[in-house]
Amino acid sequence: MYVDSPDIQVIETIEELQNKLNRNERKNTTVGFVPTMGYLHAGHLSLVKQAKEQNDIVVMSIFVNPAQFGPGEDFESYPRNRERDIQLAEEAGVDIVFIPSVEEMYPTDGGIRILPGRQAHELCGASRPGHFDGVLKVVLKLFNIVDPDRSYFGMKDAQQLAIIETFVRDFNVRTAIVRVPIVREEDGLAKSSRNVNLTYLERSEATAIYRALQIGAELSAQGADPSAIERQVSEYIVSNSSGKIDYVKMLAYPGLGPVTVGAQEVILACAVKFSSTRLIDNIIMSTKDGTYVPNDDEQ
Ligand code: PAF
């Protein structure tokens, strides 16, 4: 293998990483890339597992990206633990972990922005203006730095994934995007770095989110229309938790337009706020006998 150290390599500068991953030198060695904001959990480790199965080298980035947080959002309180992350990444078999500083990633600002299209106007994009501009900015920089053959993204951030797929396709970015299913706690709550910021009570109430989505999926399989499903999912969350609903929406996936006849896949997605912790979750469903039923990996 081109990177043959048994120990994880921790790299903090762009120059060192680019030298190490230089495509001319790595020849036919494939690189799988797992971009993260750290505070690793089983969801991230499932991305690593798949990347290891499909590539010779696995590179993970850990960078809490200020460009994707708006004013008043949780950039400061976003959980961080560098040493724990390095240890978990090493145990999972990551070969190189890239942990740049904000100054390393953003030494200059020429004012150029990447503006995603209509997919970014829905769901989280509607309540977090500029969020996906910031995601695309860092993701493009990371793709240019790592130059990965394949890049791994979790389906919990299904809107992010859809926008990145569109970006990579439309701008001929040289990496394949691999979708990895959501990993859940035993009680159904989607794994998220932000879960540690929930109080004990909020953590137990947050299980209402996935239960509500499952109720929505059952209604969908019975042929209910999107607005009835959205209403019932919202009502369940409000009645069973103190969470404040940001949105509950059913849209075509990955285009994120309205559900119209002929849409092959749909997403039932929601965002719910517990104090300052905003949680997102979704279920992807495919068309079957005139209704939409959850995909196999959602059950
Ligand atoms: O999904 C995340 O953790 C982040 O949005 C990403 C893709 C690492 C970009 O900062």
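Structural data are supplied above this passage.
Parameters at a glance
Residues numbered from 1 in each chain as written. Predicted model: local features only at pLDDT ≥ 70, side-chain atom pairs only at ≥ 80, totals over all residues. Heavy atoms only, no water. Helix = DSSP H or I, 4+ residues; strand = E, 2+ residues; numbered from the N terminus. Polar contact = N/O pair within 3.5 Å; in protein donor to acceptor, adjacent residues only side chain to side chain. Contact = heavy atoms within 4.5 Å. Pairing = 2+ DSSP bridges. Axes fitted to C-alpha atoms, helices over the stretch in contact; angles between N-to-C directions. Near = heavy atom within 4 Å. Areas by Shrake-Rupley, 256 points an atom, 1.4 Å probe, with all protein chains shown as cover. Nonpolar A, V, L, I, M, F, W, Y, C, P; charged D, E, K, R; others polar. Buried < 20%, exposed > 50% of the residue type's maximum accessible area, 1.4 Å probe, protein only. Salt bridge = Lys/Arg side-chain N within 4 Å of Asp/Glu carboxyl O.

What follows is about the side chain of Thr175. In this fold, Thr175 is placed in the loop between helix H8 (158-170) and strand S6 (176-180). A polar contact is formed between the side chain of Thr175 and the backbone oxygen of Pro148, at a distance of 3.1 Å. Residues within four places of Thr175 in sequence aside, it is in contact with Phe143, Pro148, Asp149, Arg150, Ser151 and Val168.

With parallel pairing, six strands are arranged side by side in an open sheet as S1-S4-S3-S2-S5-S6. Both outer strands of the open sheet, strand S1 (9-11) and S6, are each paired with one neighbouring strand and no more. On average, each strand axis in the sheet is inclined to that of its neighbour by 25°, with strand direction left out of account. When strand S5 (residues 150-154) meets S6, the two strands line up parallel, connected through five bridges. Across the sheet, residue Arg150 finds its bridge partner in S6, namely Ala176. Most of the contacts of helix H3 (residues 42-54) go to S5, to which it runs at about 155°, and overall it touches strand S2 (31-36), strand S3 (57-62), S5 and S6. Running over the sheet, H8 touches S5 and S6 and is turned about 165° from S6.

Each neighbour pair has its own omega, and for Tyr253 with Pro254 the value is 5°, a cis peptide bond. You can see Pro254 is positioned in the loop between strand S7 (244-253) and strand S8 (265-274). Even without being glycine, Asp147 reaches a positive phi, approximately 55°. Mapping Asp147 onto the fold places it in the loop between helix H7 (131-146) and S5.

Close contacts around the ligand come from Pro35, Thr36, Met37, Asn65, Gln68, Val138, Phe153, Asp157 and Gln160, and that covers them all. Separating an oxygen atom of the ligand from a side-chain N or O atom of Gln160 is a distance of 2.7 Å. Across the complex, the protein chains shield 89% of the 290 Å² of accessible surface that the ligand would expose by itself. Taken together, the residues of the shell around the ligand sort by class into four nonpolar, four polar and one charged.

The next thing to look at is the pairing of strand S9 (residues 277-288). Counting buried residues in S9 gives nine out of 12 residues, a clear majority hidden from the surface. Of the pairings in the sheet, the one linking S8 to S9 comprises 10 bridges and is antiparallel in character. Note that in S9 the partner of Cys270 across the bridge is Asp281. As consecutive antiparallel partners, S8 and S9 are separated by two residues, and within that stretch Ser275 has a phi angle of approximately 50°, a positive value. Bridging between S9 and strand S10 (residues 291-294) involves four bridges; their strand directions are antiparallel. Across the sheet, residue Met285 finds its bridge partner in S10, namely Pro294. The hairpin formed by S9 and S10 contains two residues between the paired strands, and Asp289 there has a positive phi angle of roughly 50°.

Looking now at the pattern of salt bridges. A side chain of one charge can pair with a side chain of the opposite charge when the charged atoms of the two come close. In the structure shown here, the tally under the stated rule is 19 salt bridges. Two residues, Glu165 and Arg179, come together in a salt bridge whose shortest N-O distance is 2.8 Å. One end of the pair, Glu165, is in helix H8; the other, Arg179, is in strand S6, with 14 residues separating them in the sequence. The class for Arg179 is partly exposed, based on a relative accessible area of 32%. Here Glu185 and Lys191 are joined by a salt bridge, their closest N and O atoms 3.2 Å apart. By relative accessible area, Glu185 is classed as partly exposed at 26%.

Let's shift gears to the environment of Ala271. With respect to the helices and strands, Ala271 occurs in strand S8. Judged by relative accessible area, Ala271 falls into the buried class, the value being 0%. C-alpha of Ala271 to C-alpha of Lys244: the two residues are 27 residues apart in sequence and 8.7 Å apart in space. Among residues more than four places away in sequence, those in contact with Ala271 are Lys244, Ile245, Asp246, Tyr247, Arg278, Leu279 and Ile280.

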